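Residue-level listing of the chains:
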Amino acid sequence: MFFNSKKSDATIIEGIKEGGIQRRKFENLLFEKYHYLIKDGIRKHKLTDDECFSIYSDTIMAILDSIINDKFEGRSELKTFVYQIFSNKCVDQIRKNTTNKASVHNGLSIDDIAYSLPEENKSIIGQMMLEHDIDKLYQKLSLIGEKCKQMILFWGEGYSDEEISKHLEYNSPAVAKTSRLRCLDKLKANY
Amino acid sequence: MENDLNLIDDYFNNLLQDNEKQAFEKQILTNKTLANDVAFYLQAKQLSSIEKQQNFADLHHSLSKPAAKIISFKNLRIFSAAASLILVFSMLFLFNNDQSPENYASKYVDNQLITIGTEMSDSKTNLTKAIELYNNKKYKEALDLFKTLQADSQTLEYQGLCHLQIKDYDMALKFFKDLKTDNTLLQNKGAFLEAITLLKMKKESEAKQLLKTISETENNYFGKKEAKEMLLLFE
């Protein structure tokens, strides 16, 4: 532990906001920095290791979303912010365990990812998404070439075509968009 | 399909006019193929989250491994003495085996770069044919076939390897240098293969400098562990 020089929160936030291929490194640093919360959750809330990992992983995803989309304004320390979200999710999990109510961390729902669709469309698309095997789709990512894979991952992270063209060195956002749609087409063909 | 994806993409990026939007939403209710493509599009967009979760799971696994036990000062002395002995014997072994960076590089080429992995598949593409030729040590024929393929990081690496195997080091160097500049790769082998080639060319100081960069940099370079091992072999 003596040799584990931890980066400051400001450095981590800056690295995540910077984006590009270096973002992953800073995401991992953030994950590692507050990883001890998993043990805290097990001890304090009597949750299992799997439950605490899942809650912590969701917490970090939520924090990343806040940082990237400028929702984290730095009014509280990052540590406090992480702790609050993690604790709230732990309490939700305890409630879920005792009352069997709706799940707290089963990923994004159709409402989260397709909020612009009318309700009747959502139910059709939601049903189709349930029929598709997303894990199989994830495995197929490795078959479409490194650049295509990187492009789809960047897009999924919310990068605009302009940012993608900059990071992956395309001539223009329009070229990046055409390439992105071709990559999606390639993925679909492999699925 | 690409047209559908374009339309879907424009819809979710709010680029359609109101009437186009309504027509699109109406179409989803009746056109199963379009609805299916929308479901695919939305799931593809979630793949980055799955990748991140997978990465966190791996990280959690490695962070949860039991930490090394704290040892007493007395035990520490015993361990230090044992470690020194192991080091001395290792050095003797290394010298007796004429371990030099050049030898390391030659062994690396002979053992690690002798085959290229390929996925099992019924269909033989030109890429798999070229890899098969490489693995059968038909480097020149493999090279001719690799040249016909789309130039990407993978074919750059493989062409470089062919040149390395036929001892055309200048050309190998050119390909590995090109590969090194591709900053889109999650792990870039270019620099490490360049160092191996430099050692084969007996350009020790250039190779040493590069190996130092690989072992110290925070970039996504392949071969950090090997670079550290090789640096120990320089006098």
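Going by the structure above, here's the rest.
Residues numbered from 1 in each chain as written. Chains lettered and ligands numbered in written order. Predicted model: local features only at pLDDT ≥ 70, side-chain atom pairs only at ≥ 80, totals over all residues. Heavy atoms only, no water.

Let's talk about the overall build of chain B
In step 1: When helices and strands are counted, chain B shows 13 helices and 0 strands.
In step 2: Secondary structure of chain B in N-to-C order comes out as α-α-α-α-α-α-α-α-α-α-α-α-α.
In step 3: A buried classification covers 41% of the 235 residues belonging to chain B.
In step 4: The contacts of chain B with a sequence gap of at least 6 include a subset with a gap of at least 24, amounting to 46%.
In step 5: With an accessible surface of roughly 14,000 Å², chain B has 52% of that area assigned to carbon and sulfur atoms. (Helix = DSSP H or I, 4+ residues; strand = E, 2+ residues; numbered from the N terminus. Buried < 20%, exposed > 50% of the residue type's maximum accessible area, 1.4 Å probe, protein only. Contact = heavy atoms within 4.5 Å. Areas by Shrake-Rupley, 256 points an atom, 1.4 Å probe, with all protein chains shown as cover.)

Quick word on the packing of aromatic side chains
In step 1: The full count for this structure, using the stated rule, is 16 aromatic pairs over all chains.
In step 2: An aromatic cluster is defined as three or more aromatic residues linked by ring pairs; in this entry it consists of Phe31, Phe53, Tyr56 and Phe86 of chain A together with Phe56 of chain B.
In step 3: Above the plane of the ring of Tyr170 of chain A lies Lys147 of chain A, whose end atom (NZ or CZ) is 4.9 Å from the centre.
In step 4: One cation-aromatic arrangement involves Lys174 of chain B over Phe175 of chain B; the distance from NZ or CZ to the ring centre is 5.0 Å. (Phe/Tyr/Trp six-rings, centres within 6.5 Å; stacked < 30°, edge-to-face > 60°. Lys NZ or Arg CZ within 6 Å of the ring centre and 35° of its normal.)

Some points on the state of the cysteines
Residues and elements named next belong to chain A.
In step 1: Evaluation of the coordinates by the stated rule reveals 1 disulfide over all chains.
In step 2: A sulfur-sulfur distance of 2.1 Å marks the disulfide that ties Cys148 to Cys183. Residues Cys148 and Cys183 share a disulfide whose torsion about the S-S bond is about -80 degrees; that sign makes it left-handed. With Cys148 in helix α9 (residues 146–156) and Cys183 in helix α11 (residues 173–190), this residue pair connects regions lying 35 residues apart in the sequence. Taken individually, Cys148 and Cys183 each receive the classification buried, so the pair is uniform in this respect.
In step 3: The thiol of Cys90 is not disulfide-bonded; the next cysteine sulfur, from Cys52, is found 5.1 Å away.
In step 4: With relative accessibility at 0%, the residue Cys90 sits in the buried group. (Disulfide = S-S within 2.5 Å.)

Looking at the interface of chain A and chain B
In step 1: Of the residues lining the interface, 57 residues belong to chain A; the matching set on chain B comes to 49 residues.
In step 2: In total, chain A and chain B occlude about 5,100 Å² of area from one another, counting both sides; carbon and sulfur atoms represent 63% of this.
In step 3: On the surface where chain A and chain B come into contact, there are 6 salt bridges.
In step 4: One can count 17 residue pairs in polar contact (both at pLDDT 80 or more) joining chain A with chain B. (Buried area = accessible area lost by both parts, 1.4 Å probe. Salt bridge = Lys/Arg side-chain N within 4 Å of Asp/Glu carboxyl O. Polar contact = N/O pair within 3.5 Å; in protein donor to acceptor, adjacent residues only side chain to side chain.)

Digging into the packing of helix α11 (residues 190–200) of chain B against helix α12 (residues 204–216) of chain B
Residues and elements named next belong to chain B.
In step 1: Interhelical geometry of α11 versus α12 gives an angle of 160 degrees and a closest axis separation of 8 Å. Comparing their axes, α12 and α11 come out roughly antiparallel. Every pair of crossing elements has a handedness; the one defined by α11 and α12 is left-handed. Across from Ala191, Phe192, Glu194, Ala195, Leu198 and Leu199 in α11, the residues of α12 making contact are Glu204, Glu206, Ala207, Leu210, Leu211 and Ile214.
In step 2: Residues of the contact of α11 with α12, tallied by class, amount to 9 nonpolar, no polar and 3 charged. (Axes fitted to C-alpha atoms, helices over the stretch in contact; angles between N-to-C directions. Parallel < 35°, antiparallel > 145°, perpendicular 65-115°, else oblique. Left-handed = near helix turned anticlockwise from the far one by under 90°. Nonpolar A, V, L, I, M, F, W, Y, C, P; charged D, E, K, R; others polar.)

Description of the side chain of Gln159 of chain B
In step 1: Positionally, Gln159 of chain B belongs in helix α9 (residues 153–165).
In step 2: Not counting chain neighbours up to four residues away, the residues in contact with Gln159 of chain B comprise Leu143, Phe146, Lys147 and Phe175 of chain B.

Any functional reading would require information beyond the geometric quantities listed.
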